[in-house]
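# Descriptive analysis of the structure
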Amino acid sequence: LRVDHRATCAAFTSDRELIATTSKGEVSRWDLRTYRCLDRFVDEGNLNATSLAVHPSWCAIGSESGVVNVYSGGLSSSKPKKAIMNLTTKVD
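Residues numbered from 1 in each chain as written. Predicted model: local features only at pLDDT ≥ 70, side-chain atom pairs only at ≥ 80, totals over all residues. Heavy atoms only, no water.

### Concerning the sheet that holds strand β1 (residues 7–12)
Strands pair in a sheet through their backbones, by hydrogen bonds, and they do so in one of two ways: parallel or antiparallel. Reading across the sheet, the four strands line up as β1-β2-β3-β4 and stay open at both edges, with antiparallel pairing between neighbours. A single partner strand is all that each edge strand has here, and the edge strands are β1 and β4 (36–42). If you compare each strand with its neighbour and ignore which way they point, the axes differ by 20° on average. Where β1 lies against strand β2 (residues 17–22), five bridges are found, and the strand directions are antiparallel. The residue bridging Ala7 from the neighbouring strand is Thr22, located in β2. (Pairing = 2+ DSSP bridges. Helix = DSSP H or I, 4+ residues; strand = E, 2+ residues; numbered from the N terminus. Axes fitted to C-alpha atoms, helices over the stretch in contact; angles between N-to-C directions.)

What follows is the structure, encoded as structure tokens:
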């Protein structure tokens, strides 16, 4: 598995996938059975992901600036369903 920038976060899903984020805000979804990248996009407004939480019905990505983007359906869409921007410290 290879990403173009420094990997900052990674999480495994229940269906044998790996979600990884990079220092440039890129999000990749990998199939661990075939080692292929299934999806790749840039997380809106996220320049450096610091945390990642994955659930079958949602995925949340926190950034150094304190923004958390929540995606519905895991990562079925590259547009966040909700962005939480009122955090005052970075998300660890």
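### Here we look at the environment of Val42
You can see Val42 is positioned in strand β4. Separated by 37 residues in the primary sequence, Val42 and Lys79 place their C-alpha atoms 9.4 Å from one another. Filtering out sequence-adjacent residues up to four positions away, Val42 remains in contact with Lys24, Gly25 and Glu26. (Contact = heavy atoms within 4.5 Å.)

Purely geometric numbers; function is a separate question.
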